[in-house]
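Residue-level structural notes
Now for the letters of each chain:
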Amino acid sequence: MAEYVFGANILENLTTGMYKNSQIIFREYVQNSCDAIDKAVALGILSSNEGNIDIWIDTDKRFISVEDNGTGITAREFETTLQSIAQSDKQLDTEKGFRGIGRLCGLAYCRELVFSTTAKNENVISTMHIDAEKLRSRFYGDKKYTVQEVLDDVITVEKKISEDVVAEHWFKVEMMDINVENDVLLDVATIKDYLSFVAPVEYSNQFWFYTKIYDYAQSLNFKIDEYKINLNGNSLAKKYKTKFKTSQGEDEIFDLSFKEFYNDDEQLIAWSWIGLSKFRGVIEQNSKTPNNKMRSIRLRKGNIQIGDENALQKLFSEERGIHYFIGEVFVVDRNLIPNSQRDYFIENSALKIFENVLTDYFEELHKLYYRASELNSAVKGVKSLETAEEKFKNQVFVSRIHQAEEEEKLAATRDKAEGYARKVERRHQEALDNPNDILSQVTRRIIEKKDEDSKSPQITLVTPVTDAPKDSSNPFPNLNRKERKLVCNILDVIRKNIDAKKFEELQSKIVEAVNR
């Protein structure tokens, strides 16, 4: 049988072509560091709280490094380990990085990639230099290279003996001279935001409900993997907050709701938390709402995010549905295995069960935000009557016809408000009848007074206005009857030919000018 030959372009597929987003290199190197720390803890080299991952970004020098104090790699195993591609000895279903290709990701974004390490009880620092720029040049051109030819040409290994490192153990990745087209990798603020949700770090103490998440996980005997990760000397945390902005104004998480997911054998396969709010609208994400980077229900395994904020979007009946929520789904089932790009799971029977149970739950969430949106509109509709009543009391009428038209509009607003009020009362009674249901909790939050333990709806209709203000027949007291009639006639003509809002603005200016 002929010998199989792998062309150099397979390396391009494992580097440049592997990931859609260059920032993913940080996730790849972090997850490898997490595995090294876990192994060090298991071997007794570290205690459970001694692991550290330090990321340094030097914008001026165009330099990035990721270093951990895990097991490191022995001098004897160094070359074999790093030069073995897609031949990792990690456990497919338990460890965070497992395919042995993630360490190559940096080759697409820098001039030189350097790995260095030392293991406990050794006095050798092993270093591997990879000429990434030269490697990439081998992907194109007329001459064809094999993987072995390219790697032999671009890799240099050196080992330095030092008596000072015997007690040390670490592994470091360094990316020299980041490509100009990949400047985003040097943007510390952007990388901080990215890692704050992707990396397995603790919750920010600005998120008031984080202790509830830990307590719930403990009740399930589930350990949320967390590591001390520093970026340029500053510790990272999940940047969840209780207050955020929606398309319909500000909103706030007032509590959390938890859900467990089981397979047909009653085995726990995943669990989740979501923030309960008034669900006033879609949580928008743009330059004006930087805190909204926390939006969506995020998918996590080993506490590392799978995919981006939209990984579970397809399981909602409408795409925008996931953007009403803030929350996380933690995967428990070992048979749910991330794919090579770690943007979702490989297709198997476990994934099908997982998607089915989540789809059912997301239908409940669809009902939740849909009902909340309906109720928010009803509350807004009732409150609109207060605004209409106040406007009517202060209205300046330029003719009897004008006054009659405004009275008719006010009556129509009152009829609608009464219909909204009946809906509000009906939903409120349903909430009182089922106080522990999350829909009921949200309903009561929308309706009841915030600062009182009240079981009465906050919404009440104001007393109907039946008469116009007494001075409305004389909006221009400084004019005689003939002058007043002329101005009112002119205003009435204007009123009939422009939209209501523009007329109100113009009328106010004219009244002010005439009475000055």
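Please refer to the structure placed before this passage.
Now for a description of the structure that goes with this document. (Residues numbered from 1 in each chain as written. Predicted model: local features only at pLDDT ≥ 70, side-chain atom pairs only at ≥ 80, totals over all residues. Heavy atoms only, no water.)

Focus on a positive patch on the surface
A surface patch of positive charge is lined by Lys278, Arg280, Lys380 and Lys383. By the secondary structure assignment, Arg280 is in the loop between β12 (268-276) and β13 (296-301). A residue is classified by how much of its surface remains accessible, and Arg280, at 35% relative accessible area, is partly exposed. (Patch = residues over 30% accessible without salt bridge, like charges linked within 9 Å, V, L, I, M, F, W, Y side chains within 5 Å. Areas by Shrake-Rupley, 256 points an atom, 1.4 Å probe, with all protein chains shown as cover. Salt bridge = Lys/Arg side-chain N within 4 Å of Asp/Glu carboxyl O. Lys, Arg positive; Asp, Glu negative; His and termini not counted. Charge placed at Lys NZ, Arg CZ, Asp CG, Glu CD. Helix = DSSP H or I, 4+ residues; strand = E, 2+ residues; numbered from the N terminus. Buried < 20%, exposed > 50% of the residue type's maximum accessible area, 1.4 Å probe, protein only.)

Observations concerning the packing of aromatic side chains
Per the counting criterion, the structure on display carries 24 aromatic pairs. With a centroid separation of 5.7 Å and an interplanar angle of 40°, the aromatic rings of Phe207 and Tyr240 are classed as tilted. On the criterion of sequence distance, the pair formed by Phe207 in the loop between α6 (188-198) and α7 (210-219) and Tyr240 in the loop between β8 (234-235) and β9 (243-246) is long-range, its members being 33 residues apart. An aromatic cluster is present here, built from Phe197, Tyr203, Phe207, Phe209, Tyr210, Tyr214, Tyr240 and Trp273 joined pairwise through their rings. Here the guanidinium or amino end of Lys172 rests over the ring plane of Trp170, the centre of that ring lying 5.8 Å away. Against the face of Phe197 rests Arg298, its NZ or CZ located 4.6 Å from the ring centre. (Phe/Tyr/Trp six-rings, centres within 6.5 Å; stacked < 30°, edge-to-face > 60°. Lys NZ or Arg CZ within 6 Å of the ring centre and 35° of its normal.)

With respect to the sheet that holds β13
In sheet architecture, strand pairing relies on hydrogen bonds along the backbone and comes in two forms, parallel and antiparallel. If you trace the five strands from one edge of the open sheet to the other, you get β11-β12-β15-β13-β14, paired in mixed fashion. The sheet is open, and its two borders are formed by β11 (255-262) and β14 (304-305), each paired with just one other strand. Note: β11 against β12, eight bridges, orientation antiparallel. Looking at β12, one finds that Phe258 is bridged to Trp273. Relative to the sheet, α7 contacts β11 and β12, its axis offset from that of β11 by approximately 25°. (Pairing = 2+ DSSP bridges. Contact = heavy atoms within 4.5 Å. Axes fitted to C-alpha atoms, helices over the stretch in contact; angles between N-to-C directions.)

Concerning the environment of Gln305
With respect to the helices, strands and loops of the structure, Gln305 is situated in strand β14. Ignoring anything within four residues of it in the chain, the contact list for Gln305 reads Arg27, Phe197, Val198, Arg298, Leu299, Arg300 and Arg342. Of note is the side chain of Gln305, whose polar atom sits 2.9 Å from the side chain of Arg298. (Polar contact = N/O pair within 3.5 Å; in protein donor to acceptor, adjacent residues only side chain to side chain.)

Focus: the pattern of salt bridges
Applying the stated rule across the entire model yields 23 salt bridges. Residue Arg298 pairs with Glu309 through a salt bridge whose shortest N-O separation is 4.0 Å. Of this pair, Arg298 sits in strand β13 while Glu309 sits in the loop between β14 and β15 (326-331); the two residues are eleven residues apart in sequence, bridging distant segments of the chain. Judged by relative accessible area, which is 5%, Arg298 ranks as buried. Judged by relative accessible area, which is 12%, Glu309 ranks as buried. Between Glu374 and Arg427 there is a salt bridge, and its shortest N-O distance comes to 3.2 Å.

Considering unusual backbone geometry
One non-glycine residue with positive phi stands out, namely Asn221, at about 60°. Positionally, Asn221 belongs in the loop between α7 and β7 (228-231).

Here's the deal with the pairing of strand β10 (residues 249-252)
Inspection of the sheet shows β9 paired to β10 by four bridges, in the antiparallel sense. In the strand pairing of β10, Lys245 is matched with Glu250.

Regarding a negative patch on the surface
Together, Asp360, Glu363, Glu364 and Asp437 line one region of the surface with negative charge. Mapped onto the elements, Glu364 comes out in helix α8 (residues 349-393).

Quick word on the sheet that holds β7
Spatial strand order, β5-β4-β3-β6-β2-β1-β7-β8: eight strands in an open sheet with mixed pairing. Two strands close off the open sheet at either side, each with one partner strand: β5 (155-161) and β8. Where strand β3 (residues 110-118) meets strand β4 (residues 124-131), six bridges bridge the pair, whose relative direction is antiparallel. Looking at β4, one finds that Phe115 is bridged to Met128. Running over the sheet, helix α5 (residues 147-154) touches β4 and β5 and is turned about 45° from β5.

Quick look at the packing of helix α9 (residues 400-433) against helix α10 (residues 438-447)
Two elements in contact, α9 and α10, have axes separated by 9 Å at closest approach and are oriented at 135°. Relative to α10, the element α9 is oriented oblique. Read as a crossing pair, α9 and α10 show a hand that is left-handed. Residues Val424, Arg427, His428, Glu430, Ala431 and Leu432 of α9 touch α10, and the partners they reach there are Ser440, Thr443, Arg444 and Ile447. The class makeup of the residues in the contact of α9 with α10 is four nonpolar, three polar and three charged. (Parallel < 35°, antiparallel > 145°, perpendicular 65-115°, else oblique. Left-handed = near helix turned anticlockwise from the far one by under 90°. Nonpolar A, V, L, I, M, F, W, Y, C, P; charged D, E, K, R; others polar.)

What about the environment of Gly249?
Summarising the element assignment, Gly249 is placed in strand β10. Its relative accessible area of 28% is what places Gly249 among the partly exposed residues. Remark: the alpha-carbon pair of Gly249 and Arg280, spanning 31 residues in sequence, is separated by 7.2 Å.

Purely geometric stuff here, so don't read any function into it on its own.
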